[in-house]
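Listed below, chain by chain, are the residues.
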Amino acid sequence: SSLVPDEPERGSDGTTSGEPPSTFIMESDAGSGYECDLWIQDCPAGHKCNIWANDGGSSWNATRCIPIVPEPDGAGEPCTVEGNGVSGLDTCDLGAVCWDVDPDTLIGVCREFCTGSEANPTCEDPEMLCGGPRDFPLCLPICCPVEQDCEVGKGCYPVNDSFVCVQDAGGDEGEFGDPCEYINVCDPGLLCISTDAVPDCAGGVGCCTPFCTVGTTTCQDLHPAMECVAWFEEGHAPPGFELTGACVLP
């Protein structure tokens, strides 16, 4: 499983094509480790259902009930964890988890789990989008893929019908034309898209290509055959994203 549901990536023209990458490298395998339900928070009074790694690994793969600390931290507030970032023992309030934990300071920020249901997940804050790991959906900040207005170490990547800040997992790779299998292995400002959309792409699944602003010529600077094509179909773009595009072969 993966950070977001596996589904065909929305093409640069707003349609889906082939089976381009639509997953994040921050994988989690929930397995059979569910001890409680994140959607209904069915733990005893004074406890909350939280995510954690029950196998000693670095990825969340299970849920369990943990005590809520006195005077817990609310959504968007700094928080701390015990042990490590995936221990599940944190200072966030009911319905939230300590996210983006610094491994040295053990400080992160509280992010709320999505509300509603798996079929119709929502976030109360209009500036947030329901993204996060597929089995453990979180409300994450909406961002601009062209401006890349996320904090250091994160990139603005496509999730569902918008864009959210997610950890940049590319390392030394992720430049234009580099092969990719997960969305966030491309450097901030680029996305992983199907092989037929990028010139001379040698990737088995996809290659990295930049976001762009429709009407500009930045894509031709990379390759004369590329164009900046609108990410959303005309009339379907969320407010503010009407000119958001990707450099692709038309």
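A quick note: this is a predicted structure, and the numbers were derived from the prediction, not measured.

A look at the state of the cysteines
One way to say it: the disulfide is the covalent bond shared by the sulfur atoms of two cysteines. Under the criterion given, the structure shown has 13 disulfides. What pairs with Cys150 in a disulfide is Cys165, and their sulfur atoms sit 2.1 Å apart. Its torsion about the S-S bond being -90°, the disulfide of Cys150 and Cys165 is classed as left-handed. Linking Cys150 in the loop between β9 (138–141) and β10 (154–159) with Cys165 in strand β11 (residues 162–167), this pair joins segments that are 15 residues apart in sequence. Considered together, Cys150 and Cys165 belong to a single accessibility category, that of buried residues.

Quick look at the sheet that holds strand β3 (residues 78–80)
An order of β3-β5-β4 is seen for the three strands of this open sheet, with the pairing classed as antiparallel. Each of the sheet's edge strands pairs with one partner strand only, and the pair in question is β3 and β4 (96–99). With direction set aside, neighbouring strand axes in the sheet form an average angle of 50°. The pairing of β3 with strand β5 (residues 107–112) spans three bridges and is classified as antiparallel. For Pro78, the partnering residue across the bridge sits in β5 and is Val109.

Re the pairing of strand β16 (residues 244–248)
Regular strands show a simple pattern: their side chains alternate between the two faces of the sheet. Here β16 lies mainly inside the structure; five of its five residues are buried. Burial of the side chains of β16 extends over both faces: Thr244, Ala246 and Val248 are buried on one face and Gly245 and Cys247 on the other. Judged from the four bridges that link them, strand β15 (residues 227–230) and β16 form a sheet pairing that is antiparallel. Within β16, the residue paired with Val229 across the bridge is Ala246.

Here's the deal with unusual backbone geometry
Here Gln41, not a glycine, exhibits a phi torsion of approximately 45°, which is positive. When you line up the elements, Gln41 lands in the segment before β1 (47–52). The class of Gln41 is buried, set by a relative accessible area of 18%.

Focus on the nonpolar core
Counting residues in hydrophobic clusters, the biggest one holds 21 residues, and the most contacted among them are Ile51 and Trp60. Breaking this core down by element, the ones donating at least two residues are β1, β4, β9, β10 and β11. Each residue touching Ile51, except ones within four places of it in the same chain, is listed here: Leu38, Trp60, Ala62, Thr63, Gly88, Val97, Phe113 and Phe136. With 18 residues, the next largest nonpolar core counts Cys143, Cys156, Cys165 and Ala197 among its residues.

Remarks on a negative patch on the surface
Together, Asp93, Glu112, Glu124, Asp125 and Glu127 line one region of the surface with negative charge. Along the chain, Asp93 falls in the loop between β3 and β4.

As for the pattern of salt bridges
This structure, assessed with the given rule, holds three salt bridges. Residue Asp90 pairs with Lys48 through a salt bridge whose shortest N-O separation is 2.6 Å. Of this pair, Asp90 sits in the loop between β3 and β4 while Lys48 sits in strand β1, placing them 42 residues apart in sequence. Lys48 matches Asp90 in its accessibility class, with the two residues each being buried. Among the ionic pairs, Asp100 bridges to Lys154, the shortest N-O distance being 2.9 Å. Of this pair, Asp100 sits in the loop between β4 and β5 while Lys154 is found in strand β10, placing the two residues 54 residues apart along the sequence. By relative accessible area, Asp100 is classed as partly exposed at 30%. You can call Lys154 buried: its relative accessible area is 12%. A single salt-bridge network, built from bridges that share partners, covers Asp100, Glu151 and Lys154.

Parameters at a glance
Residues numbered from 1 in each chain as written. Predicted model: local features only at pLDDT ≥ 70, side-chain atom pairs only at ≥ 80, totals over all residues. Heavy atoms only, no water. Disulfide = S-S within 2.5 Å. Helix = DSSP H or I, 4+ residues; strand = E, 2+ residues; numbered from the N terminus. Buried < 20%, exposed > 50% of the residue type's maximum accessible area, 1.4 Å probe, protein only. Pairing = 2+ DSSP bridges. Axes fitted to C-alpha atoms, helices over the stretch in contact; angles between N-to-C directions. Core = buried A, V, L, I, M, F, W, Y, C linked by side-chain atoms within 4.5 Å. Contact = heavy atoms within 4.5 Å. Patch = residues over 30% accessible without salt bridge, like charges linked within 9 Å, V, L, I, M, F, W, Y side chains within 5 Å. Areas by Shrake-Rupley, 256 points an atom, 1.4 Å probe, with all protein chains shown as cover. Salt bridge = Lys/Arg side-chain N within 4 Å of Asp/Glu carboxyl O. Lys, Arg positive; Asp, Glu negative; His and termini not counted. Charge placed at Lys NZ, Arg CZ, Asp CG, Glu CD.

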